[in-house]
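Topology and contacts: notes
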Amino acid sequence: MDNTSKMIQLLGSLRKEMNGAVADSMYYYGDNYGLNYGVSLPTIRSRATEFGKDHELARYLYKQQVRELRLASLHIAEPVLLNITEAEYWADGVINSEIAEEMAFALLRHSKDLKAIFEVWTNSCNKFLVHSALMAAARSELASNREVIEKVTNIAIRFSDERIIAQGIVALLSATLNANVEPSTKEFIRKIIDSIPQSPVQEYINEEMEWRMEL
């Protein structure tokens, strides 16, 4: 089958699970999709796995203005092909918090070029790209890379009023805390937090990390 036929097959399967009430009540930060059938993420992931890894199909689905197809594409894409150049294609579609977080979970964290992509995406003006990079780093070996962790200071300064950025930073710092049991880790994290000027983002990070470091 060509990509259009595969898309029709996948969409037909997903539409059987549609829930208009869920779609109407769904909340996420950022731009809306063109169409939203209200299918749950676990169901989307399950239907996507039936197609295996097919990067060409994934790229095709990602450009469709249908929530379920775009999310499914992230599970059909081949992570080994997500290099720094290919990441530009996927960056264009990170338009809301749901896409950002599913991108991090399904695709970005598995990329061999994650560190390079992290550098580019966290320097973007698109807060959802930044959030996705932070969430991917939190789920990868980058959580143990102090050079990477130190970059959250500038990120927090640039997005001083963005709660979603604060949440991404907390996820990364928490992963760092869990990945390193040395006493110096808490001192390192405290130093990072203290280096961020007072702002809504700094206050959120400080409050959320305070109790985590006490455990």
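One can find the structure itself at the top, above this paragraph.
Presented here is an overview of the structure given in this document. Values in this document were obtained by computation on a predicted structure and should not be read as measured data. (Residues numbered from 1 in each chain as written. Predicted model: local features only at pLDDT ≥ 70, side-chain atom pairs only at ≥ 80, totals over all residues. Heavy atoms only, no water.)

Focus on the overall build of the chain
Counting its regular elements, the chain contains 14 helices and zero strands. Against the compact-globule benchmark of 17 Å for 215 residues, the chain has a radius of gyration of 18 Å, which places it among compact chains. Structurally, the chain occupies a C-alpha span of about 55 × 35 × 30 Å along its principal axes. Expressed as a percentage of its 215 residues, the buried residues of the chain come to 51%. Across the chain, the fraction of contacts at a sequence separation of at least 24, relative to all contacts at a separation of at least 6, is 72%. On the chain, roughly 10400 Å² of surface is accessible, and the fraction owed to carbon and sulfur atoms is 48%. For the chain, the separation between the mean place of its 23 positive charges and that of its 30 negative charges on side chains is 3 Å. (Helix = DSSP H or I, 4+ residues; strand = E, 2+ residues; numbered from the N terminus. Rg over C-alpha atoms; globule rule 2.2 N^0.38 Å. Buried < 20%, exposed > 50% of the residue type's maximum accessible area, 1.4 Å probe, protein only. Contact = heavy atoms within 4.5 Å. Areas by Shrake-Rupley, 256 points an atom, 1.4 Å probe, with all protein chains shown as cover. Lys, Arg positive; Asp, Glu negative; His and termini not counted. Charge placed at Lys NZ, Arg CZ, Asp CG, Glu CD.)

Re the pattern of salt bridges
One pass over the full model with this rule turns up 12 salt bridges. Here E147 and K115 are joined by a salt bridge, their closest N and O atoms 3.9 Å apart. Pair noted here: E147 is in helix α10 (residues 146-149) and K115 is in helix α8 (residues 114-121), with a separation of 32 residues, a long-range link. (Salt bridge = Lys/Arg side-chain N within 4 Å of Asp/Glu carboxyl O.)

Regarding the packing of helix α9 (residues 127-138) against helix α12 (residues 163-179)
When two helices pack together, you describe them by how their axes are tilted relative to each other and by the distance separating the axes. Taken N-terminus to C-terminus, the directions of α9 and α12 make an angle of 15°; their axes are 8 Å apart at the nearest point. With respect to each other, α9 and α12 are oriented roughly parallel. For the pair α9 and α12, the sense of crossing is left-handed. Side by side, α9 and α12 meet where K127, F128, V130, H131, L134, M135, A137 and A138 of the first sit next to I164, I165, G168, I169, A171, L172 and A175 of the second. Residues belonging to the contact of α9 with α12 are distributed by class as follows: 12 nonpolar, two polar and one charged. (Axes fitted to C-alpha atoms, helices over the stretch in contact; angles between N-to-C directions. Parallel < 35°, antiparallel > 145°, perpendicular 65-115°, else oblique. Left-handed = near helix turned anticlockwise from the far one by under 90°. Nonpolar A, V, L, I, M, F, W, Y, C, P; charged D, E, K, R; others polar.)

Quick word on α9
With 12 residues, α9 extends 16 Å between its outermost C-alpha atoms, agreeing within 8% with the 16 Å of an ideal straight helix rising 1.5 Å per residue. Burial of α9 is extensive: 11 of the 12 residues sit out of reach of the surface. Among the residues of α9, those classed as buried are F128, L129, V130, H131, S132, A133, L134, M135, A136, A137 and A138. Where the residues of α9 are buried, they touch α6 (87-91), α7 (97-106), α8, α11 (152-158) and α12. (Expected span 1.5 Å × (residues − 1).)

Describing the packing of α12 against helix α14 (residues 200-214)
The geometry of α12 relative to α14 is characterised by a closest axis approach of 9 Å and an angle of 30° between their N-to-C directions. Here α14 runs roughly parallel to α12, going by the angle between their axes. As for the relative orientation of α12 and α14, their crossing is right-handed in sense. For the pair α12 and α14, the contacting residues are R163, A166, Q167, I169, V170, L173, S174 and L177 in the first and V201, Y204, I205, E208, M209, R212 and M213 in the second. Each residue belonging to the contact of α12 with α14 can be placed in one class, and the counts come to 10 nonpolar, two polar and three charged.

Read these as geometric descriptors, not functional statements.
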